[in-house]
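# Chain and residue survey
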Amino acid sequence: MLNFTFMQNALLASAFIAVLCPCIGIFLVLRRQSMIGDTLAHASLAGITVGLAAGQNPIIGAFAFTSICGALIEFLRNYFKKQAELILNIILALSVGIAITVMSSGSLHASADSFMFGSILTVTKLDALLVFLLSALSVLVVVFLYHQLVYIAYDEEAAKIAGVRVRLINYVFSVLVASAISVSIRIVGVLVLSSMITLPVATALQLGQGFKKTLIFSILFSVIDIMLGLILSYYLNVAPGGFTALVSVAVLVLVLIGKRVRAGLRAAKNR
Amino acid sequence: MISIENLFFSYTGAPPYVLSGISLHIRDGEYVSFLGDNGSGKTTLMRLILKLLPPTAGSVSVRAKRIGYVPQKNDYSGAQFPITVFEALNSYRKLLKIREKSAVEKSLDRVGMASFKNSLMGELSGGQSQKILIARALLGDPDLLVLDEPSTGVDVHSQREIYACLRQLNRENGITVLSVEHNLEAAIANSTLIYHLKDGKGHLCSPEQYAEEFLNAKGSARHA
């Protein structure tokens, strides 16, 4: 398996994705904004189709368009303060509208199907390099803004009183979400991308740890989900995106069962 | 320390106003409790003082080097957040750019919660989490402490401890305390001044005066 160049590229890119997605996902989940991940994943499809139509690298197209949509979500909060969920519908309508229009116009120079379901065959060396650059940059920004991001998620008012420029950081964060989505899309695909951002975090939250440990466990579960999903999908000859999502759910279920068994054993011991 | 001049506020920017023509001056070292019925504008006034809301008209000027804030517990949705006491305080220390690493332990010591350093915030009782929020507000030695209903959802024993702590911070350390209160007894026992809000307007008086007015009003209501 490792003799194939496409598999080397896919594994390399997956390793970066596995670290980046939970680093962003933990803040999305704890801010109760996990649906933003799903909306921006669909938005990235518009960026991909525009990129392909223009003969450019689709990952760059996805990153640019998803960043714009992320910033637009923040901007629209001013106008829909009490109906925040409507913002996601507006962005979804805009991006899916663009994607379908471009796809149906016949102006695409390549197929966009692999981006819907994810594919390991299409990951080029340049893609792997782009994934590495965007992931490394994004993780560095998360490290630099770590305490600000933690506090905006935990207690936004306290963050404002401490002098954090919440608005600005929210804009930066939307670019980080866009980055995580655009680097993951090639392997995982649009349809299950949000599961990569949220499921490892959901699993880690079951362990009842503090923030740092929850983040570390999220990365660990993410690595297990993506690597196992990728390797098994190769042997089963199925799309890696769908299978990785299935592995993520299986790991979550295993952790939930483990938690229940542990609680049962403790109760029996105390009796 | 705090100077409020002819303050008007409404959430829509137009009448009716939540606060209407408020003027209030508070000197350093006072302990002021803000009393009034639900919806009288107590929390809104605090948020204006904290600059979390802009005035519709008038001005709010606060002269403080550092402000410590303890939010209303009902508004505080952080109970399910996976964060330890140390992480919550240490991240806040970093936001305040306090270099001294021991500031977190010192702050926890001041409220008698040092042994809870590694506990998860979500596992603490109402009284314990309130003390942790006070410890967070004390990071960096603030000269102004703003609290929004500090005894809501807290048992009687913890309430006593919290008010004893606030009194000590005010009387011994000279920290100015502004506290939105629904606990009349605690407000009268601890405050140096009481600001009563009704129909968007307020009046300032001593706790003794307030107790007298309150008892008189209660007496007239009983006779009516």
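Residues numbered from 1 in each chain as written. Chains lettered and ligands numbered in written order. Predicted model: local features only at pLDDT ≥ 70, side-chain atom pairs only at ≥ 80, totals over all residues. Heavy atoms only, no water.

What follows concerns the overall build of chain A. Regarding its fold elements, chain A presents 12 helices and zero strands. The N-to-C order of helical and strand elements in chain A reads α-α-α-α-α-α-α-α-α-α-α-α. For chain A, the C-alpha radius of gyration of 19 Å lies close to 18 Å, the compact-globule estimate for 271 residues. By principal-axis analysis of the C-alpha atoms, chain A measures approximately 70 × 50 × 30 Å. Residue burial in chain A is summarised as follows: out of 271 residues, 51% are buried. (Helix = DSSP H or I, 4+ residues; strand = E, 2+ residues; numbered from the N terminus. Rg over C-alpha atoms; globule rule 2.2 N^0.38 Å. Buried < 20%, exposed > 50% of the residue type's maximum accessible area, 1.4 Å probe, protein only.)

All names here are of chain B. Across the sheet, six strands lie side by side as E5-E6-E7-E3-E8-E9; this open sheet has mixed pairing. Pairing within the sheet leaves two strands with one partner each, and these edge strands are strand E5 (67-70) and strand E9 (201-205). The sheet shows a mean angle of 15° between the axes of neighbouring strands, direction not considered. Bridging between strand E6 (residues 144-148) and strand E7 (residues 176-180) involves five bridges; their strand directions are parallel. (Pairing = 2+ DSSP bridges. Axes fitted to C-alpha atoms, helices over the stretch in contact; angles between N-to-C directions.)

Take the interface of chain B and chain A next. Contact with chain B, which involves 22 residues of that partner, is made by 22 residues of chain A. Taking both partners together, chain B and chain A bury about 2,000 Å²; carbon and sulfur atoms supply 65% of that area. Three residues stand out in chain B for area buried against chain A, namely B:Phe81, B:Pro82 and B:Leu95, and they jointly supply 33% of the buried area on that side. Residue A:Glu157 is joined to B:Arg47 by a salt bridge in which the shortest nitrogen-to-oxygen separation is 2.1 Å. At the junction of chain B and chain A, the tally comes to 10 residue pairs in polar contact (both at pLDDT 80 or more). Every element with two or more residues in the side of chain B that touches chain A is listed here: E5 and helix H2 (85-95) of chain B. The leading source of residues in the side of chain B that touches chain A is H2(B), at six residues. Of the residues that constitute the side of chain B that touches chain A, the class distribution is 15 nonpolar, three polar and four charged. (Contact = heavy atoms within 4.5 Å. Buried area = accessible area lost by both parts, 1.4 Å probe. Salt bridge = Lys/Arg side-chain N within 4 Å of Asp/Glu carboxyl O. Polar contact = N/O pair within 3.5 Å; in protein donor to acceptor, adjacent residues only side chain to side chain. Nonpolar A, V, L, I, M, F, W, Y, C, P; charged D, E, K, R; others polar.)

Residues and elements named next belong to chain A. Here helix H11 (residues 211-236) crosses helix H12 (residues 240-270) at 130°, and the two axes come no closer than 8 Å. Classed by the angle they form, the pair H11 and H12 counts as oblique. The interaxial crossing formed by H11 with H12 has right-handed handedness. Counted together, Phe221, Ile224, Asp225, Ile226, Leu228, Gly229, Leu230, Leu232, Ser233 and Leu236 of H11 and Pro240, Phe243, Thr244, Val247, Ser248, Val251 and Val255 of H12 form the full contact between these two elements. The residue inventory of the contact of H11 with H12, partitioned by class, reads 12 nonpolar, four polar and one charged. (Parallel < 35°, antiparallel > 145°, perpendicular 65-115°, else oblique. Left-handed = near helix turned anticlockwise from the far one by under 90°.)

The step from B:Pro15 to B:Pro16 runs through a cis peptide bond, and the omega angle for that step is 5°. Tracing the sequence through the fold places B:Pro16 in the loop between strand E1 (2-9) and strand E2 (19-26). One non-glycine residue, A:Asn237, adopts positive backbone phi at about 55°. Counting through the fold element by element, A:Asn237 comes out in the loop between H11 and H12. In this model, B:Lys97 sits at a positive phi of 60°, which is unusual for a non-glycine residue. Relative to the helices and strands, B:Lys97 is located in the loop between H2 and helix H3 (103-110).

A few words now on the confidence of the model for chain A. The share of residues in chain A with pLDDT of 70 or more is 99%, and the mean pLDDT across the chain is 88. Mean pLDDT across the elements of chain A ranges from a minimum in helix H5 (residues 113-117) of chain A, with 76, to a maximum in helix H7 (residues 146-154) of chain A, with 95. (pLDDT = per-residue confidence, 0-100.)

Turning our attention to the nonpolar core. Among the nonpolar cores identified, the biggest contains 137 residues, and A:Phe211, B:Ile4, B:Phe34, B:Leu45, B:Tyr92, B:Leu145 and B:Leu178 are the most heavily contacted of them. In terms of residues, this core owes the most to one element, helix H1 (residues 5-30) of chain A, which gives 15 residues. Excluding residues that lie within four positions of it along the chain, B:Ile4 makes contacts with B:Ile22, B:Ser23, B:Leu24, B:His25, B:Leu45, B:Ile49, B:Ser59 and B:Val60. Ranked by size, the runner-up nonpolar core spans six residues in total, among them A:Ala204, A:Phe221, A:Phe243 and A:Val251. (Core = buried A, V, L, I, M, F, W, Y, C linked by side-chain atoms within 4.5 Å.)

A few words on the pairing of E1(B). Bridging between E1(B) and E2(B) involves six bridges; their strand directions are antiparallel. Bridge assignment links B:Ile2 to a residue of E2(B), and that residue is B:Ile26.

Attention now goes to the packing of H2(B) against helix H4 (residues 126-137) of chain B. All names here are of chain B. One can describe the packing of H2 onto H4 by two numbers: an axis separation of 10 Å at closest approach and a directional angle of 25°. Relative to H4, the element H2 is oriented roughly parallel. Between H2 and H4 lies a crossing of right-handed hand. Between H2 and H4, the residues in contact are Val85, Leu89 and Tyr92 and Ile132, Ala135 and Arg136, respectively. In the contact of H2 with H4, the residues fall into five nonpolar, no polar and one charged.

Residues and elements named next belong to chain A. Between its terminal C-alpha atoms H12 stretches 45 Å, which fits the 45 Å expected from 31 residues at 1.5 Å a residue. Residues of H12 that are buried include every one of Pro240, Gly241, Phe243, Thr244, Ala245, Val247, Ser248, Val251, Leu252 and Val255, and no others. On its buried face, H12 sits against H5, helix H9 (166-188), helix H10 (193-205) and H11. (Expected span 1.5 Å × (residues − 1).)

What follows concerns the side chain of A:Thr198. Residues and elements named next belong to chain A. Note on placement: Thr198 falls in helix H10. Of the residues examined, Thr198 reaches a relative accessible area of 16% and is grouped as buried. Ignoring anything within four residues of it in the chain, the contact list for Thr198 reads Val29 and Ser34.

So, about the pattern of salt bridges. One pass over the structure, following the stated rule, counts nine salt bridges over all chains. Salt-bridge contacts for A:Arg77 lead to A:Glu74; the nearest nitrogen and oxygen are separated by 3.0 Å. On the basis of relative accessibility, which here comes to 24%, the residue A:Arg77 falls in the partly exposed class. A salt bridge links B:Lys106 to B:Glu100, with the shortest nitrogen-to-oxygen separation between them at 2.4 Å.

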